[in-house]
Amino acid sequence: MTGKKLIISALVLALVQIGFLSWIIAGRAAILRNGKEVLLKVQPVDPRDLLRGDYISLNNNISRIPVKLIANIPEGKFSSDDTSIVVRLRRGADGYWQPTTAWFGQAPSQAGDGEADIAGHVVEGWGLRDADATIAPDYGIDRFYLPEGEGVAIQDDIRVRPFGIKLALASDGTAQIKALMDGDKTLFEEPLY
């Protein structure tokens, strides 16, 4: 009887783990499939990860947000604490989306037509006193992995012409990188699964 209970327990545990992983994968795929598309301009930082292969570390046009865009900094607050941030984006004339305003916590209203909200996280310690200062939110979109041998060539190309990343944004602002773009051309697209 004990051996039978052990096997049943192991099977139940395996099914729970498979279900959890499937839930994570399905959630990511749902954002990629149904999320609002946003295009951000990028610049490379580093082309290689020893464990995962080639990638581009992405520094995009929303990697640093001017403090003056944050609409709800409490009076007398001098630095950020460990908190979430929402950045409202609007499509520019060049097709790339730009930040227009930001809020710690949640946005006070839904994004309007031609706008999108991206959710991020700001670690504590960023100065908020100087309106000309910037903060660096983490949106979870800082790396794009490429097929082996592609990273260095793309990094060199990014230095001479504009590249971008196409994002898919869920209704709560969660972002997933959908594709790496060379101008209007899609170089690599993330598979749903």
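In the block above lies the structure referred to throughout.
Residues numbered from 1 in each chain as written. Predicted model: local features only at pLDDT ≥ 70, side-chain atom pairs only at ≥ 80, totals over all residues. Heavy atoms only, no water.

### Remarks on the overall build of the chain
For the record, the criterion: Only DSSP runs of H or I covering at least 4 residues are called helices, and only runs of E covering at least 2 are called strands; the numbering of each starts at the N terminus. Partly exposed describes any residue whose relative accessible area lies between the buried limit of under 20% and the exposed limit of over 50%, with all areas from a 1.4 Å probe on protein chains only and scaled to the type maximum. Should any heavy atoms of two residues lie within 4.5 Å, those residues are considered in contact. Note on areas: Shrake-Rupley, 1.4 Å probe, and residue coverage restricted to the protein chains presented here.
Helix and strand content of the chain: 2 helices and 12 strands. Beginning at the N terminus, the succession of helices and strands in the chain can be written as α-β-β-β-β-β-β-β-β-β-α-β-β-β. By its C-alpha atoms, the chain is 70 × 45 × 35 Å across when sized along the principal axes. A burial count over the chain gives 38% of its 193 residues as buried. In the chain, the proportion of contacts linking residues at least 24 apart, taken out of those at least 6 apart, comes to 65%. In the form shown here, the chain has an accessible surface area of approximately 11,400 Å², with 55% of it arising from carbon and sulfur atoms.

### A few points about the pattern of salt bridges
When the charged atoms of two side chains lie near each other, side chains of opposite charge can form a pair. Quick reminder of the rule: The salt bridge criterion pairs a side-chain nitrogen of Lys or Arg with a carboxyl oxygen of Asp or Glu, the two atoms within 4 Å.
Taken as a whole, this structure holds 7 salt bridges when the rule is applied. In this structure, Lys 77 and Asp 81 form a salt bridge, with 3.5 Å as the shortest nitrogen-oxygen distance. Owing to a relative accessible area of 25%, Lys 77 belongs among the partly exposed residues under this scheme. A salt bridge links Asp 117 to Arg 88; the nearest nitrogen and oxygen atoms lie 2.6 Å apart. Residue Asp 117 is located in strand β7 (residues 115–122), and its partner Arg 88 is located in strand β5 (residues 83–91); the two are separated by 29 residues in the primary sequence. Taking relative accessible area as the criterion, Asp 117 reaches 17% and is therefore assigned buried. Its relative accessible area of 6% is what places Arg 88 among the buried residues. Counted as one network, the salt bridges with shared partners bring together Glu 37, Lys 166 and Lys 178.

### Section: the side chain of Asn 61
As for its position among the elements, Asn 61 is in the loop between β3 (53–60) and β4 (65–66). Apart from residues lying up to four places away in sequence, Asn 61 is in contact with Leu 40, Lys 41, Trp 97, Gln 98 and Pro 99.

### Describing the pairing of strand β6 (residues 97–104)
Going by this rule: When DSSP finds at least two bridges between two strands, those strands are taken to pair.
β6 sits mainly inside the fold: 6 of its 8 residues count as buried. In this structure, β5 lies alongside β6, joined through 7 bridges in antiparallel fashion. Each bridged residue has a counterpart across the sheet, and for Val 86 the counterpart in β6 is Trp 103. Taking the residues between adjacent antiparallel strands as the criterion, β5 and β6 are bridged by 5 residues, where Gly 95 takes a positive phi near 95°.

### Some remarks on helix α1 (residues 2–34)
To keep things clear, this is the line we draw: To estimate the expected span of a helix, count its residues, drop one, and scale the result by 1.5 Å.
The end-to-end C-alpha separation of α1 is 47 Å, in line with the 48 Å expected for 33 residues at 1.5 Å each. Those residues of α1 not exposed but buried are Ala 29, Ile 31 and Leu 32. Buried residues in α1 make contact with β10 (163–169) and β11 (175–182).

### Here's the deal with the packing of aromatic side chains
Worth spelling out the cut-off: In this analysis, rings of Phe, Tyr and Trp, with Trp reduced to its six-membered ring, are considered paired at centre separations within 6.5 Å, and the interplanar angle assigns stacked below 30 degrees, edge-to-face beyond 60, and tilted for intermediate values. The criterion is that NZ of a Lys, or CZ of an Arg, lies within 6 Å of the ring centre and within 35 degrees of the ring normal, and then a charge sits over that ring.
Within this structure, the stated rule accounts for 1 aromatic pair. Note that Arg 129 overlies the ring of Phe 78, its terminal NZ or CZ placed 4.0 Å from the centroid.

### Focus on the sheet that holds β7
Note the following rule: Only the stretch in contact is used when a helix axis is fitted, and all axes are lines through C-alpha atoms; the angle between N-to-C directions ranges over 0 to 180 degrees.
Taken in spatial order, the 3 strands of this open sheet run β6-β5-β7, and their pairing is antiparallel. Taken across any chain shown, the strands that pair with only one partner, and hence form the sheet edges, are β6 and β7. Pairs of neighbouring strands in the sheet enclose a mean axial angle of 30°, with direction left out of account.

### Describing helix α2 (residues 151–158)
What counts is decided by this rule: Arc definition: directions from the helix axis to the C-beta atoms.
Within α2 the residues assigned to the buried category are Gly 151, Ile 154, Gln 155 and Ile 158. Each buried residue of α2 lies within a common arc of 105° when the element is viewed along its axis, so the set occupies one face.

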